[in-house]
Number of protein chains: 2
Amino acid sequence: MTTNEIPYKIYLTEDEMPKSWYNMRADMKNKPAPLIHPGTHQPLKLEELTPIFCEELCKQELNDSDAHIAIPEPIRQFYRMYRPSPLVRAYCLEERLNTPAHIYYKFEGNNTSGSHKLNSAIAQAYYAKQQGLKGVTTETGAGQWGTALSMASAYFGLDCQVYMVKCSYEQKPFRREVMRTYGATVTPSPSNTTAIGRKILEQFPDTTGSLGCAISEAVEKATSQEGYRYVLGSVLNMVLLHQSVIGQETMAACDKYGIVPDIIIGCAGGGSNLGGLIAPFMGRKLRGEADYRIIAIEPASCPSFTRGKFLYDFCDTGHVCPLAKMYTLGSEFIPSANHAGGLRYHGMSSTLSQLYADGLIEARAVEQSAVFKAATEFARCEGILPAPESSHAIKAAIDEAIKCKESGEAKNIIFGLTGTGYFDMTAYKAYNDGTMSDYIPTDADLERGFSHIPQFPGNTIN
Amino acid sequence: MTTNEIPYKIYLTEDEMPKSWYNMRADMKNKPAPLIHPGTHQPLKLEELTPIFCEELCKQELNDSDAHIAIPEPIRQFYRMYRPSPLVRAYCLEERLNTPAHIYYKFEGNNTSGSHKLNSAIAQAYYAKQQGLKGVTTETGAGQWGTALSMASAYFGLDCQVYMVKCSYEQKPFRREVMRTYGATVTPSPSNTTAIGRKILEQFPDTTGSLGCAISEAVEKATSQEGYRYVLGSVLNMVLLHQSVIGQETMAACDKYGIVPDIIIGCAGGGSNLGGLIAPFMGRKLRGEADYRIIAIEPASCPSFTRGKFLYDFCDTGHVCPLAKMYTLGSEFIPSANHAGGLRYHGMSSTLSQLYADGLIEARAVEQSAVFKAATEFARCEGILPAPESSHAIKAAIDEAIKCKESGEAKNIIFGLTGTGYFDMTAYKAYNDGTMSDYIPTDADLERGFSHIPQFPGNTIN
């Protein structure tokens, strides 16, 4: 099939949507390390997880053997409202860059949550409803996950309580309002509504908050109310599982048009988008059926992959959650307030961490002013105003496309365009006004973060 | 074909996109009245229009005989970035309402301008570029048109100067920032940058602005700079022509799936969305090939169709533009500041006005709190947060679907979902907080507006 036959947007039909999620862990030789109990350091059992998370989701979290898990029909029905999402050929960007590379992006922003987060939110809300719960609690950073969960909860008639990282709460009043429109209650974190929030406020009264802290508050709130469970929008295995719809649709679209990817690029905060996008491709790579370069892009201000430690660490600031083995900056690491929006999490999905440790994916850190430059260039020729998070991937895709121009190679570059930046205009304004600055933590900053990683036999910083 | 076979979203292929615009006027027996000169009251000639608008667009404006006008390939290429737009079956809304009606909406919000406005913006920018111009000026109310023109101008490398109605400029700082990201300059109107702006500010220092006033400023700015022309996002015949892509895609999708519409609903401010959506359907109706109920929905606070006069009137507050025969509230009518966002124009497309006068379309006015109630209900089950403008159509579609429930009829209702409400959260906040109020102008308010309509033989208020 020749390039000319590839449309601007490849849409699968609703019938071609995946009927099951793909569980990458089933094909991994080195399985991701299990969650362990912070006291005993023993792998967590199902019954230790179910007081926090919905039962079916706990089973998914612990399941590293079934490669395919059926997507319940009510979830597929909801998916049909905004999926399949298009795989877009970036013809205009290619022309602007004058590159022989073929650039594609899987665009997950065409839904009101503005991102891929809805893929897991609707799954988690569904299982909560199935279990007969009254409601769910969660945290949100940039606000996309909170919006997604608000939408999913409204759809299934669940109460939804969102702890929003304070700096985002203040930077993004309209995000908050979208969640309220969907019936959610939104509280800036840290807050006085939880014990852990009060404790953090006492210690750090001026903190702009962190995902780790908001997680602690949401977990405390869930476990202290009858009929509630906590849900999480990234990091966990179950979330990567749900997000595999992104990669499966991408692969189906590629296979349909004979596109063989050379490089697959995704931004990485907790890892849900990247893990979802690469899942089936990584499956082929793990099974030796194909090979691709897979690149994780993270902010230089929160560089868990490129400068973190691969150790067991707390998932939250309040240390109420299990320990996960992952690339981490330490649970008390909080990126500088001048870092705009998402990708603020101190750790990284255990699954992706293991793949990175095994050399199956690469990682690269980029600075935010370069990211917004790429975002603006992309917006002006591709017509989509991208989310700052997604723009990390854009920056890397442009860099790779320019290398192709230099080498004359017509590589196929695929990246995940996870969402739109409509609620990130405060950050765009800083960029437009020339007041955006870059921040790179010093080694001393990182050491301070690492000093909070728990030390026990087999888990020591060299 | 049975209902079960209709997917949630009907996407045409890029090949099925229309290759020409459909010019409804060609099939009208009673042609819309021509634009006339404000001094001589004679129909305007091409050479009188070209100092204001691009030449090719002037020809389109005056052309009421050619039914089909080819869409230049560069415009179709841009269209492919976000078109064809989906015709969505509102399965979830139907279920929520428990109605036998089949509800469909043509969703134009999946692009960064957030609305259908981009369809005409890219066409007008293209012709400006073809004519060798340096840039364009325009006005924007809710901000969607300004955003669309900024995107289109960035694509073709044109300078773009936007006058934004002051109340929107203040309510929507992020809209302004999106336009800046696309390289446009944005000025709140009325402003000190034009003679007409200064005059209005002197007379009404506290005015929150109006579209009519912003138009005057943009026209003055265009005609006082070398290499600039003015472009307009609604009202004009050429705009309705470009927007006919909406209706043509809708009709193609309906025909493909055997859907025969009973009722077609669109919101109406200046008429571009409604005129575009109904164009080919009206064509069939005018040619006697089919019949549909076509309903224009307008805000009760700016009721040009339902309470206006069908007379020649100024298109702008500053009276620098030609006179158009249309349903009008008078060029100095400014809706109350508590009216949220768009659909603020005092007049209405001449083409739609003639069709309304001839009984070929119906009109209905709705109050804004009922509109936001419908918007919230729609958002919670259909997953899209609609623009306030579009929500006028949602309100009417829900009303019609409820009538179907009462009568037991399975009517096919199609409405235009022109855009998303992501930049309208100030208005949603007012609704969520319970502080939104309704405003209906009194007869005395309207009389004040009518008193500014020019009176001359054949153009008198009875």
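Nothing here was measured: the structure is a model prediction, and the numbers come from that model. (Residues numbered from 1 in each chain as written. Chains lettered and ligands numbered in written order. Predicted model: local features only at pLDDT ≥ 70, side-chain atom pairs only at ≥ 80, totals over all residues. Heavy atoms only, no water.)

A. Examining the overall build of chain A more closely. Helix and strand counts for chain A come out as 18 helices and 15 strands. By the compact-globule yardstick of 23 Å for 462 residues, chain A fits well, its C-alpha radius of gyration being 20 Å. Its C-alpha atoms give chain A principal-axis dimensions of roughly 60 × 50 × 50 Å. Counting only residues that meet the buried cut, chain A has 67% of its 462 residues in that class. In chain A, the proportion of contacts linking residues at least 24 apart, taken out of those at least 6 apart, comes to 77%. For chain A, the exposed area adds up to about 14900 Å²; of that, 49% sits on carbon and sulfur atoms. Side chains of chain A carry 43 positive and 50 negative charges; the gap between the two charge centres is 2 Å. (Helix = DSSP H or I, 4+ residues; strand = E, 2+ residues; numbered from the N terminus. Rg over C-alpha atoms; globule rule 2.2 N^0.38 Å. Buried < 20%, exposed > 50% of the residue type's maximum accessible area, 1.4 Å probe, protein only. Contact = heavy atoms within 4.5 Å. Areas by Shrake-Rupley, 256 points an atom, 1.4 Å probe, with all protein chains shown as cover. Lys, Arg positive; Asp, Glu negative; His and termini not counted. Charge placed at Lys NZ, Arg CZ, Asp CG, Glu CD.)

B. The interface of chain B and chain A, seen in detail. Taken together, the contact between chain B and chain A spans 43 residues of the former and 43 residues of the latter. Buried surface at the junction of chain B and chain A, summed over both partners, amounts to about 4100 Å²; 56% is from carbon and sulfur atoms. Interface area lost by chain B to chain A is led by Phe174, Thr181 and Tyr422 of chain B, which between them contribute 17%. At the boundary of chain B with chain A, the tally comes to four salt bridges. (Buried area = accessible area lost by both parts, 1.4 Å probe. Salt bridge = Lys/Arg side-chain N within 4 Å of Asp/Glu carboxyl O.)

C. Structural detail: the sheet that holds strand 9 (residues 228–230) of chain B. Residue and element names in this part refer to chain B. Here four strands make up an open sheet; going across it, the order is 8-7-6-9 and the pairing parallel. Pairing within the sheet leaves two strands with one partner each, and these edge strands are strand 8 (185–189) and strand 9. Strand-to-strand twist of the sheet, defined as the mean angle between neighbouring strand axes without regard to direction, takes the value 20°. Relative to strand 7 (residues 159–165), strand 6 (residues 135–140) runs parallel, the two sharing six bridges. (Pairing = 2+ DSSP bridges. Axes fitted to C-alpha atoms, helices over the stretch in contact; angles between N-to-C directions.)

D. Representation of the packing of aromatic side chains. Residues and elements named next belong to chain B. Scanning the model with the defined rule gives 43 aromatic pairs over all chains in all. Ring geometry for Tyr312 versus Phe456: centroids 6.4 Å apart, planes at 40°, classification tilted. You can see Tyr312 sitting in strand 12 (residues 309–314) and its partner Phe456 sitting in the segment after helix 18 (443–450), a full 144 residues away along the chain. Here Tyr312 and Phe456 have matching classes, each one buried. Sitting above the plane of the Tyr169 ring, Arg176 keeps its charged end 4.5 Å from the centroid. For the cation-ring pair, Lys325 lies above Phe310, with the distance from its terminal atom to the ring centre recorded as 4.6 Å. (Phe/Tyr/Trp six-rings, centres within 6.5 Å; stacked < 30°, edge-to-face > 60°. Lys NZ or Arg CZ within 6 Å of the ring centre and 35° of its normal.)

E. Inspection of the side chain of Asp313 of chain A at higher detail. Residues and elements named next belong to chain A. Relative to the elements of secondary structure, Asp313 occurs in strand 12 (residues 309–314). It is Lys309 that comes nearest to the buried, bridge-free Asp313 among opposite-charge side chains, at 12 Å. Among the polar contacts made by the side chain of Asp313, one reaches the main-chain amide nitrogen of Ser331 at a distance of 3.3 Å. (Polar contact = N/O pair within 3.5 Å; in protein donor to acceptor, adjacent residues only side chain to side chain.)

F. Representation of the sheet that holds strand 11 (residues 293–299) of chain B. Residues and elements named next belong to chain B. Across the sheet, which stays open at both edges, the seven strands sit in the order 1-4-5-15-10-11-14 with mixed pairing between neighbours. Either end of the sheet is taken by a strand with one partner, and the two such strands are strand 1 (9–10) and strand 14 (362–366). Pairing between strand 11 and strand 14: five bridges, direction parallel. By the bridge assignment for strand 14, Pro299 is matched with Val366.

G. Expanded view of the pattern of salt bridges. Residues and elements named next belong to chain B. Counted by the stated rule, this structure contains 49 salt bridges over all chains. Here Lys256 makes a salt bridge to Glu16, at a shortest N to O gap of 3.0 Å. Linking Lys256 in helix 11 (residues 237–257) with Glu16 in the loop between strand 1 and strand 2 (20–22), this pair joins segments that are 240 residues apart in sequence. Lys256 sits in the partly exposed class, given a relative accessible area of 40%. We note a salt bridge from Glu249 to Lys106, for which the minimum N-O separation is 2.8 Å. With Glu249 in helix 11 and Lys106 in strand 5 (residues 102–107), this residue pair connects regions lying 143 residues apart in the sequence.

H. Main features of the environment of Glu139 of chain A. Residue and element names in this part refer to chain A. For Glu139, the location among the structural elements is in strand 6 (residues 135–140). Residue class for Glu139 comes out buried when judged on its relative accessible area of 5%. Sequence separation of Glu139 and Tyr105 is 34 residues, and the distance between their C-alpha atoms is 28 Å. A polar contact of 2.7 Å, which involves the side chain of Glu139, links it to the side chain of Tyr230.

I. Spotlight on the pairing of strand 11 of chain B. Residues and elements named next belong to chain B. For strand 11, the buried fraction is high: six of the seven residues fall into the buried class. Pairing geometry for strand 10 (residues 263–267) and strand 11, over five bridges, is parallel. The residue of strand 11 that forms the bridge with Ile265 is Ile295. Between the parallel pair strand 10 and strand 11, the chain is carried across by helix 12 (residues 272–286), and the sense of this crossover is right-handed. (Right-handed = clockwise from strand over helix to strand, strands pointing away.)

J. How the structure looks around helix 2 (residues 55–62) of chain A. All names here are of chain A. Of the positions making up helix 2, those classed as buried are Leu57, Cys58, Gln60 and Glu61. Along the axis of helix 2, the buried positions cluster into a sector of 160°, meaning they face one direction only. Among the structural elements, strand 2 (20–22), helix 1 (46–49), strand 3 (68–70), helix 5 (118–130) and helix 11 (237–257) are those in contact with the buried residues of helix 2. (Arc of directions from axis to C-beta.)

K. Highlighting the relation of the copies chain B and chain A. Between chain B and chain A, the superposition needs a rotation of 180° and an axial shift of 0.0 Å, giving an RMSD of 0.0 Å. Interpreted geometrically, this transformation is the action of a two-fold axis. Taking C-alpha positions as reference, the residue of chain B nearest the rotation axis is Asn110 of chain B, located at 3.0 Å. In this assembly the copies share their binding face: 100% of the residues contributing to the interface of chain B also contribute to that of chain A. (Least-squares fit on C-alpha atoms with pLDDT ≥ 70 in both.)

L. Examining the domain arrangement of chain A more closely. Residues and elements named next belong to chain A. Domain parsing of chain A yields domain 1 (3–19 + 83–114 + 237–450) and domain 2 (21–68 + 117–230). Between domain 1 and domain 2, the C-alpha centre-to-centre distance is 22 Å. Contact with domain 1, which involves 56 residues of that partner, is made by 53 residues of domain 2. The largest share of the area that domain 1 buries against domain 2 comes from Met238, His242 and Phe423, three residues that together contribute 16% of it. Across the salt bridge formed by Asp424 and Lys172, the nearest N and O atoms sit 2.4 Å from each other. At the level of elements, helix 11, helix 12 (272–286), strand 12, strand 13 (323–328) and helix 14 (350–357) are the ones that each hand at least two residues to the side of domain 1 that touches domain 2. Per-element accounting of the side of domain 1 that touches domain 2 gives the leading share, eleven residues, to helix 11. In terms of residue class, the side of domain 1 that touches domain 2 is built from 25 nonpolar, 22 polar and nine charged. (Domains from an automatic or database assignment. Nonpolar A, V, L, I, M, F, W, Y, C, P; charged D, E, K, R; others polar.)

M. Region of interest: the confidence of the model for chain A. Averaged over all residues, the pLDDT of chain A is 94; the fraction at 70 or higher stands at 99%. With pTM at 0.95, the complex prediction returns an ipTM value of 0.92. (pLDDT = per-residue confidence, 0-100.)

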